[in-house]
Each structure stands twice: as C-alpha cells, then as structure tokens.
Amino acid sequence: MQNHGIANALTEYGDRQFSLYMRRAFAQSMGLSREALEKPVVGIINTFSDLNNCHRDVPRLVEAVKRGVWQAGGLPLEFPTISLGELFLNPSSMMFRNLMAMDVEAMIKAQPMDAVVGIGGCDKTMPAMLMGAASAGLPTVALVTGPMLSGAVGAERVGACTDCRRYWGMYRRGEVTDEGIDKVEANLVPTSGTCGVMGTASTIACVLEAMGTMLPGGAAVPQVMAERYRIAEESGKLAVAAIGSKLTLDRILTKKAFENGLRVLQAVGGSTNVVVHLMAIAGRLGIRLTLDDLERVSETTPVLVDLKPSGQGYMDDFFRSGGLPVVLRELKDLLHLDVMTITGQTLGQWLEGPYEFPGWQTIIRPRKSPLQAVGGLVVVKGNLAPHGAIVKRAAADPRLLNHTGRAVVFKNLQDMAERVDSPDLDITADDVMVLQNAGPKGAPGMPEAGCLPIPKKLKGVKDIVRISDARMSGTAFGTVVLHITPEAAVGGLLALVRDGDRITLSVDKRELTLHVDEAELAKRRAAWKAPKGPERGYEWLYHQHVQQAHLGADFDFLRHAGMGGE
Ligand code: FES
C-alpha cells in the first residue's frame, strides 16, 4: 500500500485501505489522475489575502512553484493559511503570529504531504511559517514574496516605510502641508512586495537565506522581477529533492545556523524584531538561543549594508548590488561554513567558487571599509531589564546612547495617545520617555509602539531616549530601548517607574538602570496591581500562554518539549 504523498495523514476510519480508497476517489474528483496521485506531494502554503498588500502576487508565485514541483516529479497541492498584513490587523500583527504558526503546524501535520514550500513575506508571516514548519518536521523550503520597488515624491526617492515615518514626523512638526502628506501617502508603496528598506521583512528574509532555508540569492529579488518567479520555480524543484534527502529543518536550523543568522542580522543593520522571531523559531527546535548570543556577535560583526532605516539605500539597490551572497562572502571567515542548507550543500560549498567584490556599487561595503566597525544591535541589562532589552545603536543619535535623564511616564498606549501632544506635558529633550504595559501580555501583543512619538511641544527635536517593553518597526529609527523583560504587565520593574525618577542608559556599559532605592520600590510594589487581561477567545489564550520577549514571545505549550518551563 502507498505510504507517501496522498497516503500521508489518512482520515481515521479504522481501515487504512478504505481511507486511501476514499481519499483517492475524492482527489480524482479534482481532475487528478491515479498516476499523479502516486507522486510525492509538495504542500504549497498560500498566504494570499486581499488584506495583505505585501502578498499581492502570491498566486503567481504559487503557479511558479507548481511548475517546479511537476518538473521534478512531484504533485503540488496548494493550501491556504492565515495571512498577516502588517497594516491591516488590530491591535498588532504580532498578536497573531503564534496563531498563524499554530495553523501552519496543524495543517502540515493534518494533511497529506511529504515536503512544504512556505510562501510569505510581510513581517510576521515568515517567522510564523518557520515556527510552524519546524514543529511539523517536514522538509521545508522558504520562499519570500520579495520586496517592493522604491517610489518617488517629486524628485525624491521614497520607500515604505522609513520615509512614511520621516514624512509623518515632518507633518507633525508643520514642515509638510495637508496636500503634501496626501501626495506622499499616494506614492510611498508603489508596487507589490514587502517594505523596500531593511525593515523586519527584509531582515528576516536575509537571515533565513543565511541560515540555509531558501535558495541562495532568494532574499532580495523584488516581487515584480521575472527572477522572483524563476526562484519560485526552482524552490518547487528543491522541495521535491529535499524529500529524497530528508532535509528537515532540524538538520538545517542548528545552533550554528542561528549564530550565522545573528551575524547577518548585525551585518545588514537589521531589525530588532528579528531577534524575537529567531528566539521563537529556535525554541521550537529545542535550541537555546539567548540575548547573550546576540551580544557575543555584536562587537565582532561589522555593518556592511547601507540601507534605510539606518543608512541610505533601498532593497532594490541591495538586489542590484548583488544581495546577500555578497554579504555572506565578505563575512565568510566569521561564519560557520559547515552548516547544511536546503540546497543539499553546506554553506561553505555554495559560497565556493570565483568571487570578486562588486566594487562599482556602494550599498554593500567590503570588509576592509565597513559602514560601522561593530554590529547595529546591542543588549542592555540592569535592574530595569534583568533579562535584557535591545537597542538599535545604528539607528540612534550617538549623543544619547550614554545618557541619564528624568522619567516621563505613560501608563499604557491609551495614556500616551491622550497626553503625548498635550501642551501641559512636563518634558524636555533631556528626559527619558517611558511607556509601560505595551509588552507581550500588556498591550497585549507587544505592538510596534516603542518608538514613541516625540511630543509636539519639543519642536525641532529629532530624537529623545525612549524605553518600553514594546517592539519597534524595523523601518523606524531613534534612541529607543525595546523588549524590556520582564515586562510591566507581569510586574517587571518597568511597572514601578514614576515621573521624575532618574534612569541611566549606557550602551557603552550595556546598562539600563532605574535609580530608586529599594525601600521606595518595595512600597510601590506593594501597591502594584496587574492590569486585567482579556476574558475570552484567542486574546485570552494569548494572554494566558505568551512568554516573555527574551524567549521569543511564543506560547509556552508550543515550545520544544526539551526547553522546560524557563
Ligand atoms: Fe508588509 Fe512592511 S507592511 S512588510
């Protein structure tokens, strides 16, 4: 009896032969021949949605993957999963990442297939895809939708969404008119694809390429380019080959592969969000990845890629400059080259061959003259963040990276929205803005609210120290301390900060300290009450089971059994 492809995961009737006969009968109703039904099955995970602009061309990518699967002798079967469009979800897409990961895992396990091509792109979709696929345990090829092209406002090039934020800041300061901001709005997102800067989507794509889960060169090709569809076709072939070689994610995503991922995250000046996602994927595989691992590579990894939000260029420039393979070749001596990739070659093998640095371009820098000598992300710890917090120093005003100031506290997102622009707000540019209760449980869902808006009364001020348990968009910039753990909503010290307290941020000393004596803190702690959580539905499940940021904000019951209750 057939024991692969369509015969996987048979519906239970207590008679396997009967189950297979019934399944084939219903599958043949879709016009598939008996011959086709005997081939190995590649499940293609389709994340198209009218509520996800970044995935607009996914149906065409699915068609291209199918071509590749047929060519390699497999049977492609497409199925949908939840799609997470960053700008179309309330309260934030992060709250639904774990839901999508559960859906991906459950549907891979429950349906008949031998391998998977997971198509995603918008920020949370590839992390969710990899979390689910890692737990499901089948060979998986990651295929990103690819970035959008940059647009133009008059003579100026623009790209989502660093320029969205820059123009909005100018509008708030009165430097752009109502008419002007409408024109910007109409031109910021000119094509299909993910955000065209080194935001979260581009960063996770680069990191997944470095970690060997997709075709070499697969991260940076824009969604509208013909090459994107050739990559999709090739991904289909790769999935069929991976069935034979049994290249499951646990063989590819080893601790060394994650260390390579963290290196690349630093070298591309990538998004802080990707740290949380990598912790979550690692947790699914029983790999202990910590903020100390990130900190270890920080001082020894140069930033080589000059893209917004911390640099100048856009993802289409990065693609034309050679994309991630150039970065990987420049970093070669810092990478573990013996790790396996989905191509069936080790990273070292696919980086072999003649190579000359593309000296005609300035977006990717050679090792001998990096953009910055050390990595963009650092970890700070202290009484305010015993398990750590993250600062993107590459996107911060260097004058503020070592700073002590007076706390100006917002109790939650609503409080911030109501008071931040009040003329009565007692604040100066030397203060430290503090946002509480915006972490995984607090908001809930750890929204990208950590880059607090600079109060309108601080006219002309472009940066100020901001600290919170929230995340920040990968396209944002500023001196922003994020992912403080433990978060305020579980009683972390962040919950006890009051207006006027002194706070020190020292990136040089990797320190984040609240200067309040123990007796006073004990008094505040005795009066503290946990905010009320949701009472039903997915929100309740999320609130009950989400873990802290340093563990990836995954659900406790979805992490690998070997990870224990840390
Ligand atoms: Fe989808 Fe930015 S909104 S990647």
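What counts and what doesn't
- Residues numbered from 1 in each chain as written.
- Predicted model: local features only at pLDDT ≥ 70, side-chain atom pairs only at ≥ 80, totals over all residues.
- Heavy atoms only, no water.
- Salt bridge = Lys/Arg side-chain N within 4 Å of Asp/Glu carboxyl O.
- Buried < 20%, exposed > 50% of the residue type's maximum accessible area, 1.4 Å probe, protein only.
- Disulfide = S-S within 2.5 Å.
- Core = buried A, V, L, I, M, F, W, Y, C linked by side-chain atoms within 4.5 Å.
- Helix = DSSP H or I, 4+ residues; strand = E, 2+ residues; numbered from the N terminus.
- Contact = heavy atoms within 4.5 Å.
- Polar contact = N/O pair within 3.5 Å; in protein donor to acceptor, adjacent residues only side chain to side chain.
- Pairing = 2+ DSSP bridges.
- Axes fitted to C-alpha atoms, helices over the stretch in contact; angles between N-to-C directions.
- Expected span 1.5 Å × (residues − 1).
- Patch = residues over 30% accessible without salt bridge, like charges linked within 9 Å, V, L, I, M, F, W, Y side chains within 5 Å.
- Areas by Shrake-Rupley, 256 points an atom, 1.4 Å probe, with all protein chains shown as cover.
- Lys, Arg positive; Asp, Glu negative; His and termini not counted.
- Charge placed at Lys NZ, Arg CZ, Asp CG, Glu CD.
- Parallel < 35°, antiparallel > 145°, perpendicular 65-115°, else oblique.
- Left-handed = near helix turned anticlockwise from the far one by under 90°.

*Asks:* Pulling in residues and values, what's your account of the pattern of salt bridges?
*Replies:* The tally for this structure, following the rule as stated, stands at 38 salt bridges. Put simply, E175 and R173 hold a salt bridge, and the shortest N to O gap is 2.9 Å. With a closest N to O distance of 2.5 Å, E535 and K532 form a salt bridge. Neither residue differs from the other here; E535 and K532 are each classed as exposed. Salt bridges sharing common partners tie together E86, D123, K124, E448 and R471.

*Asks:* Which residues make up the state of the cysteines, and what values go with them?
*Replies:* A full pass over the atoms with the stated rule returns one disulfide. With its sulfur 1.8 Å from that of its partner, C161 forms a disulfide with C164. On the sign convention where negative means left-handed, the S-S torsion of about -95° between C161 and C164 marks this disulfide as left-handed. The exposure classification of C161 matches that of C164, with both residues buried. In this structure C206 is not part of a disulfide, and its nearest cysteine sulfur, from C195, lies 14 Å away. Among the residues examined, C206 registers a relative accessible area of 0% and is labelled buried. Residue C451 stays outside any disulfide, its sulfur separated by 12 Å from that of C161, the closest cysteine. Here C451 falls in the partly exposed class, since its relative accessible area comes to 24%.

*Asks:* I'd like to hear about the nonpolar core, residue by residue, with values.
*Replies:* Ranked by size, the top nonpolar core spans 121 residues in total, and within it I108, F258 and F318 carry the most contacts. Counting 30 residues, the second largest nonpolar core, distinct from the first, contains L400, L401, A488 and A495.

*Asks:* Could you give me a rundown of the environment of G261, with the residues and numbers involved?
*Replies:* Topologically, G261 is positioned in helix α11 (residues 255-267). Considering only alpha carbons, one finds G261 and V207, 54 residues apart in sequence, at a separation of 4.9 Å. Residue contacts for G261: discarding those within four places in its chain leaves V207 and M211.

*Asks:* Tell me about the side chain of R524, and name the residues and values.
*Replies:* Mapped onto the fold, R524 is located in helix α18 (residues 518-527). A relative accessible area of 11% places R524 in the buried class. Looking at R524, its side chain comes within polar contact range of the side chain of D501, at 2.7 Å. Beyond its immediate chain neighbours, meaning those up to four positions away, R524 contacts L496, V497, R498, D501 and V516.

*Asks:* Outline the sheet that holds strand β2 (residues 75-80), supporting the account with residue identities and numerical values.
*Replies:* With respect to topology, four strands assemble into an open sheet ordered β2-β1-β3-β4, the strand pairing being parallel. Two strands bound the open sheet, and with one partner strand each, they are β2 and β4 (140-144). Sheet twist, expressed as the average angle between the axes of neighbouring strands with direction ignored, equals 20°. In this sheet, β2 lies alongside strand β1 (residues 41-46) in parallel orientation, the contact comprising six bridges.

*Asks:* Which residues make up the environment of Q544, and what values do they have?
*Replies:* Within the element layout of this structure, Q544 appears in helix α19 (residues 537-545). For Q544 and R329, which are 215 residues apart along the polypeptide, the C-alpha to C-alpha distance reads 44 Å.

*Asks:* Break down helix α12 (residues 273-284) for me, with residues and values.
*Replies:* The end-to-end C-alpha distance of α12 is 17 Å, a good match for the 16 Å that twelve residues give at a rise of 1.5 Å each. Taken residue by residue, α12 has N273, V274, V275, V276, H277, L278, M279, A280, I281, A282, G283 and R284 as its buried positions. Of the residues flanking the end of α12, it is G286, one or two places downstream, whose phi is positive at about 75°.

*Asks:* Lay out a nonpolar patch on the surface in plain terms, naming residues and giving numbers.
*Replies:* The grouping of Y13, F18 and Y21 at the surface amounts to a nonpolar patch, some 340 Å² of accessible area in total. Tracing the backbone shows F18 in helix α1 (residues 16-28). For F18, a relative accessible area of 32% gives the class partly exposed.

*Asks:* Let's hear about the environment of G193: which residues, and what values?
*Replies:* Note on placement: G193 falls in the loop between α7 (178-187) and α8 (200-210). Considered as a pair, G193 and M129 are 64 residues apart in the sequence and their alpha carbons are 17 Å apart. With sequence-adjacent residues up to four places away left out, G193 is seen in contact with N53, C54, G146, P147, M148 and Q223.

*Asks:* Account for helix α9 (residues 226-245), naming residues and giving values.
*Replies:* Taking 1.5 Å of rise per residue, the 20 residues of α9 would be expected to cover 28 Å, and the 29 Å separating its terminal C-alpha atoms lies within 8% of that figure. Within α9, the full set of buried residues consists of R228, Y229, I231, A232, E233, S235, G236, L238, A239, V240 and A242. Structurally, α9 contributes buried residues whose contacts are with β1, α3 (58-71), β3 (115-120) and β4.

*Asks:* So what about the pairing of strand β7 (residues 377-382)? Which residues, and what values?
*Replies:* Bridging between β7 and strand β8 (residues 385-392) involves five bridges; their strand directions are antiparallel. Paired with V378 across the bridge in β8 is V391. The hairpin turn running from β7 into β8, its antiparallel successor, is two residues long.

*Asks:* Account for the pairing of strand β14 (residues 511-515), with residues named and values stated.
*Replies:* Bridge count for strand β13 (residues 502-506) against β14 is five bridges, and the pairing is antiparallel. Each residue of the ladder has a partner; that of S506, found in β14, is E511. Hairpin geometry of β13 and β14 is characterised by an intervening segment of four residues between the two adjacent antiparallel strands and by a positive phi of about 55° at R510.

*Asks:* Outline a negative patch on the surface, listing residues and values.
*Replies:* There is a patch of like negative charges on the surface, built from D178, E179, D182 and E185. Among the structural elements, D182 can be located in helix α7.

*Asks:* Go over the packing of helix α4 (residues 94-110) against α12 with me, naming the residues and quoting the values.
*Replies:* Packing of α4 against α12 leaves a shortest axis separation of 13 Å and a crossing angle of 30°. By the angle class used here, α4 and α12 are roughly parallel. The hand of the α4/α12 crossing is right-handed. Between α4 and α12, the residues in contact are M94, R97, A101 and E105 and V276, H277, A280 and R284, respectively.

*Asks:* Please give an account of unusual backbone geometry that cites residues and values.
*Replies:* Between K308 and the following residue, P309, the backbone shows a cis peptide bond with an omega angle of 10°. When you line up the elements, P309 lands in the loop between α13 (291-298) and α14 (315-320). Geometrically, the link from T485 to P486 is a cis peptide bond, its omega value of 0° lying close to zero. Within the fold, P486 resides in the loop between β12 (480-482) and β13. The phi torsion at R510 lies on the positive side, around 55°, for a residue other than glycine. With respect to the element layout, R510 can be found in the loop between β13 and β14.

No statement about biological role is implied by the geometric values presented.
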